[in-house]
Amino acid sequence: MTDRPAAPIAPNAPIAPLDPADWEEYRRLAHRMVDESLDYLRDVRARPVWQPMPGRVRTALTGEPLPRTGLGDEAAYADFVDLVRPYPNGNIHPRFWGWVMGTGTPQAAMADFLSSVVNPNCGGLEQAPVLVERQVVKWCAELMGFPADAGGILVSGGTMANVFGLAVARQQRAGFDVRAEGLQGKHPMLLVYASTEMHGWLKKACELLGLGNAAFRRVPVKDDFSVDVGAMAAMIRADREAGHRPICVMGTAGTVQTGATDDLVALADLAQREKLWYHIDGAFGAMARLSPETAGQVRGMERADSLAFDLHKWGYLPFDVACVLTRRDADLVETFSMQAAYLASESRGLLAKEGFNFFDRGIELTRSFKALKVWMMFRAAGTDAIGAHIARNVRQARRLASLVEAHPELELLAPAPLNIVNLRYAPKGAAPDVLDALNREILARLQEDGIAAPSGTVVRERFAIRIAVTNHRSEDADFDALVAAVVRLGGTIAAR
Ligand SMILES: *Cc1c(COP(=O)(O)O)cnc(C)c1O
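The rules behind each value
Residues numbered from 1 in each chain as written. Predicted model: local features only at pLDDT ≥ 70, side-chain atom pairs only at ≥ 80, totals over all residues. Heavy atoms only, no water. Pairing = 2+ DSSP bridges. Helix = DSSP H or I, 4+ residues; strand = E, 2+ residues; numbered from the N terminus. Axes fitted to C-alpha atoms, helices over the stretch in contact; angles between N-to-C directions. Contact = heavy atoms within 4.5 Å. Phe/Tyr/Trp six-rings, centres within 6.5 Å; stacked < 30°, edge-to-face > 60°. Buried < 20%, exposed > 50% of the residue type's maximum accessible area, 1.4 Å probe, protein only. Right-handed = clockwise from strand over helix to strand, strands pointing away. Near = heavy atom within 4 Å. Polar contact = N/O pair within 3.5 Å; in protein donor to acceptor, adjacent residues only side chain to side chain. Areas by Shrake-Rupley, 256 points an atom, 1.4 Å probe, with all protein chains shown as cover. Nonpolar A, V, L, I, M, F, W, Y, C, P; charged D, E, K, R; others polar. Domains from an automatic or database assignment. Salt bridge = Lys/Arg side-chain N within 4 Å of Asp/Glu carboxyl O.

**Some thoughts on the sheet that holds strand β8 (residues 410-412)**
For step 1, the next point in the chain: One open sheet accounts for four strands, arranged β8-β9-β11-β10; its pairing is antiparallel. Only two strands of the sheet have a single neighbouring strand rather than two, namely β8 and β10 (455-459). Sheet twist, expressed as the mean angle between neighbouring strand axes with direction ignored, is 40°.
For step 2, the next point in the chain: Note: β8 against strand β9 (residues 420-425), three bridges, orientation antiparallel. Looking at β9, one finds that glutamate 411 is bridged to arginine 424.
For step 3, the next point in the chain: Set on the sheet, helix α14 (residues 432-448) makes contact with β9, β10 and β11 (462-468); between it and β11 the angle comes to about 30°.
For step 4, the next point in the chain: On the sheet, helix α15 (residues 476-495) packs against β8, β9 and β11 and is oriented at approximately 25° with respect to β9.

**Overview of the packing of aromatic side chains**
For step 1, the next point in the chain: By the definition in use, this model includes seven aromatic pairs.
For step 2, the next point in the chain: Measuring from centroid to centroid gives 4.6 Å for tryptophan 97 and phenylalanine 479, while their planes differ by 20°, and the two rings are stacked. Taken together, the positions of tryptophan 97 in the loop between α3 (73-84) and α4 (106-118) and phenylalanine 479 in helix α15 put the pair 382 residues apart, joining distant regions of the chain. With respect to class, tryptophan 97 is no different from phenylalanine 479; both count as buried.

**Focus on the pairing of strand β4 (residues 245-252)**
For step 1, the next point in the chain: Of all eight residues making up β4, seven are buried, and the element is well covered by its neighbours.
For step 2, the next point in the chain: In terms of handedness, the path from β4 via helix α10 (residues 264-274) over to strand β5 (residues 277-281) forms a crossover that is right-handed.

**Focus: the pairing of strand β2 (residues 190-195)**
For step 1, the next point in the chain: The buried count for β2 comes to six of six residues, which makes it a mostly enclosed element.
For step 2, the next point in the chain: Pairing analysis gives four bridges linking β2 to β4, with the strands arranged parallel. Looking at β4, one finds that tyrosine 193 is bridged to valine 249.
For step 3, the next point in the chain: Where β2 lies against strand β3 (residues 216-219), four bridges are found, and the strand directions are parallel.

**Concerning the site of the ligand**
For step 1, the next point in the chain: Around the ligand, the surrounding shell holds 14 residues, and the nearest of these are Gly158, Thr159, Asp281, His312 and Lys313.
For step 2, the next point in the chain: In the model, an oxygen atom of the ligand is placed 2.7 Å from a nitrogen or oxygen of the threonine 159 side chain.
For step 3, the next point in the chain: Lysine 313 is positioned with one of its side-chain polar atoms (N or O) 3.0 Å from an oxygen atom of the ligand.
For step 4, the next point in the chain: Its free accessible area being 380 Å², the ligand has 85% of it covered by the protein chains.
For step 5, the next point in the chain: With three residues, helix α6 (residues 158-173) is the largest single contributor of residues to the shell around the ligand.
For step 6, the next point in the chain: Here the shell around the ligand is composed, by residue class, of four nonpolar, seven polar and three charged.

**Let's talk about the domain arrangement of the protein**
For step 1, the next point in the chain: Along its sequence, the protein is organised into domain 1 (23-48 + 51-87), domain 2 (120-381) and domain 3 (385-495).
For step 2, the next point in the chain: Using only C-alpha atoms to locate each centre, domain 1 and domain 2 end up separated by 37 Å.

**Some details on the pattern of salt bridges**
A side chain of one charge can pair with a side chain of the opposite charge when the charged atoms of the two come close.
For step 1, the next point in the chain: Counted according to the given criterion, the structure contains 26 salt bridges.
For step 2, the next point in the chain: A salt bridge links lysine 203 to glutamate 207; the nearest nitrogen and oxygen atoms lie 3.1 Å apart. One end of the pair is lysine 203 and the other is glutamate 207, both in helix α8 (residues 201-208) and four residues apart, which spans about a single turn.
For step 3, the next point in the chain: Judged by relative accessible area, which is 37%, lysine 203 ranks as partly exposed.
For step 4, the next point in the chain: The class for glutamate 207 is partly exposed, based on a relative accessible area of 39%.
For step 5, the next point in the chain: A cluster of three or more residues bridged by salt bridges with shared partners is formed by Arg32, Glu36 and Glu74.

In structure tokens, the structure reads:
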């Protein structure tokens with residue numbers, strides 16, 4: 001308590017409502033928003049993939065004083081249309097293949113709208129939205145070959161889903177109660193094993209969870225960019241002999257760099273033999289299980305103790321939504337449950353349930369209803385249709401890889417087993433030391449000219465134009481146009 005006197009209670013002055021002052025007038029604006037949004041999505045192909053922001057836009061978006069007095073709904077929407085909507089990174093476009101991003105669908109955008117209309121708190125409570133999320137998690141478990149009573153929760157992305165997996169591994173295999181003691185006591189060093197191709201989340205997560213970056217044992221990969229399981233086994237043995245405590249074997253279904261998948265069966269056997277937690281990062285690759293054509297690529301994934309995957313990448317759903325599954329529901333509860341008087345179960349009313357709360361299965365208390373867009377998309381389109389698009393993307397990537405291999409001026413820089421193709425322009429006789437700069441320039445021009453948006457990476461010390469296909473709008477002709485543009489730009493730039 002402070003000894004400052006309480007402010008006097010002000011008399012009721014009239015204030016502007018936050019809900020529409022005139023519902024009919026707002027209805028007209030809302031209908032316009034929907035109509036214009038559907039046009040924007042329908043006509044996406046006619047626009048450049050990406051365009052640089054004009055200076056006017058940058059200034060308007062970064063220098064505006066705090067709006068203490070409102071402009072009104074019409075003006076706020078007009079500024080969105082003018083300043084924001086034309087200048088996103090472009091991942092909804094049929095020729096966007098940068099990093100790994102999904103496209104979203106108009107129907108899922110509407111589901112996001114409906115979710116915000118109802119605006120439930122999906123931390124728990126006796127309500128239909130929580131049952132929707134439980135159902136979605138159950139369907140995800142079935143799709144991934146997990147037991148019917150597996151645990152799971154929807155989170156914001158692959159990073160968070162993986163962090164949850166590592167947190168569970170730490171709790172289940174540390175050999176002491178991490179929740180009670182933390183990592184402050186005198187314990188052996190806890191270690192996790194993953195390949196050098198593991199996505200950057202793991203470094204962050206080891207740091208965040210107090211294991212430290214040194215706890216991430218980086219295992220070399222073979223020529224196909226899959227982890228060397230024999231080397232991993234040897235590292236585990238050596239670390240044990242040195243008095244450390246291995247806790248977790250990690251595999252990747254679809255690495256971010258090349259789309260390689262580790263030998264998930266051999267890793268499962270290793271984890272079992274060594275009694276270690278088995279976590280798989282399946283951010284996009286896990287979705288290969290949705291098609292019989294591609295499911296074989298991720299064989300063994302169903303043996304993981306925990307599995308993280310995005311629905312906003314190869315599930316084509318809008319950001320952000322991902323899922324983490326654990327073999328047992330108790331794995332999550334034992335890691336995340338909280339007890340609080342204000343949330344204790346009651347026999348009736350909102351807290352009267354059979355004891356199922358998502359806040360006992362994750363770190364967040366208040367949670368949005370992101371399950372709705374998944375539930376509606378799965379039910380409206382069917383998961384087989386999503387799988388058919390995934391298989392089509394894999395065929396498109398393979399076709400692109402063979403176009404590259406057949407072209408005398410192009411070079412494939414890594415195997416393309418799934419949906420990622422690394423290529424470069426490398427005409428015969430070109431000096432090797434100029435190829436990196438040349439291809440960086442080609443990539444910048446592809447993006448700046450609004451032709452296509454791949455991203456870049458470095459594969460075995462060579463700069464690659466990297467194409468990741470998680471796009472349900474891409475057609476074969478789009479990849480033909482990409483190949484033609486790379487060769488044309490390469491020729492022009494090399495001639496200078
Ligand atoms: C994208 C990705 C992640 C991170 O997922 P986000 O949804 O971006 O947080 C992790 N692992 C792999 C292999 C990825 O491709």
